[in-house]
Amino acid sequence: MNKNRILLRERYFESAVMLCIANIDGKDCFILEKRAKNIRQAGEISFPGGKKDKTDKTFKETAIRETMEELQIKRNKISNVSKFGLLVAPLGVLIECYICKLNIENLDEINYNRDEVEKLLAVPIEFFMETEAIKGEVEICNKAKFDIKKYNFPKRYENDWRIPNRFVYIYMFEEEPIWGMTAEIICDFIKILKNEGKVGFYEYK
């Protein structure tokens, strides 16, 4: 038995994302996607990535495959792949996060999948190093859809279960909001980069 396992993992939506770093116009940038209007995450900005398929042997394979599919690039454009960490999101999502070097010199080299991506953003890492994320408070309402009296629950559970409010992180880049899980991943990346000067292959200079 793996003692480091995540209990009840099968309840979670399992996915992987790739933190793509490319040098664009002399600046190291995250390559982010604004999702296409016809999909569930329409208008949201994220890293390439998606759900782990049954054919994917590992989450690393998922991250690479999704990056290739969404950006419509060949495997040789992706190098220095390493695991960054695991994000357990509050809405029942597990995200395995990986970092890679994207071997391009400008965004015109990427003929991205228009069915999934509206446009690409090259956001300099120095922007995140120099910009404090905005914290927006979110109220969470949680109410039982079953008869709590029938099961002799304490009276306080009759109404809102009073889950503490949570915060979402937001970066505004050229009038585009980078927020939610994407911003949380970036916040953690930047925190490590400031403390250690290096994350995976990437070293901030």
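Residues numbered from 1 in each chain as written. Predicted model: local features only at pLDDT ≥ 70, side-chain atom pairs only at ≥ 80, totals over all residues. Heavy atoms only, no water.

An unreviewed UniProt entry lists the protein under the name Nudix hydrolase domain-containing protein, with Fusobacterium periodonticum D10 as the source organism.

Comments concerning helix α1 (residues 59–71)
Counted only if it meets this: In this text, helices come from DSSP runs of H or I with a minimum length of four residues, and strands from runs of E with a minimum of two, each type numbered from the N-terminal end. To estimate the expected span of a helix, count its residues, drop one, and scale the result by 1.5 Å. Any residue under 20% of the maximum accessible area for its type is buried, any over 50% is exposed, and the rest in between are partly exposed; the area is computed with a 1.4 Å probe on protein chains only.
When the terminal C-alpha atoms of α1 are compared, their 18 Å separation across 13 residues agrees well with the 18 Å that a helix rising 1.5 Å per residue should span. Those residues of α1 that sit buried are F59, T62, A63, I64, R65, E66, T67, E70 and L71. Q72 sits one or two residues past α1 and shows a positive phi near 55°.

Considering the pattern of salt bridges
Formally: We define a salt bridge as a side-chain nitrogen of Lys or Arg found within 4 Å of a carboxyl oxygen belonging to Asp or Glu.
Per the stated rule, a full pass over the model turns up 14 salt bridges. Between E126 and K27 there is a salt bridge whose closest N-O contact spans 3.1 Å. Placement of E126 in helix α2 (residues 125–130) and of K27 in strand β2 (residues 27–35) is noted, with a sequence separation of 99 residues between them. What makes K27 partly exposed here is its relative accessible area of 40%. The salt bridge involving K34 is made with E176; its shortest N-O contact spans 3.3 Å. Of this pair, K34 sits in strand β2 while E176 sits in strand β10 (residues 176–179), placing them 142 residues apart in sequence. Of the residues examined, E176 reaches a relative accessible area of 11% and is grouped as buried. Taken together, the salt bridges that share partners define one network made up of D53, D56, R65, E66 and E69.

Topic: the side chain of E66
Formally: By the convention used here, residues are in contact when the closest approach between their heavy atoms is within 4.5 Å.
In this fold, E66 is placed in helix α1. Note on E66: relative accessible area 9%, which makes it buried. In contact with E66, other than residues within four places in its own chain, are G49, G50 and K51.

Some thoughts on a nonpolar patch on the surface
What counts here: Patches here: salt-bridge-free residues with over 30% relative accessible area, like charges joined within 9 Å, nonpolar side chains (Val, Leu, Ile, Met, Phe, Trp, Tyr) joined within 5 Å. Areas reported as accessible are Shrake-Rupley estimates using a 1.4 Å probe. Residue values count occlusion only from the protein chains shown.
Taken together, F146, Y151 and F153 make up a surface patch of nonpolar side chains, about 300 Å² in accessible area. If you trace the backbone, Y151 turns up in the loop between β8 (134–138) and β9 (166–173).

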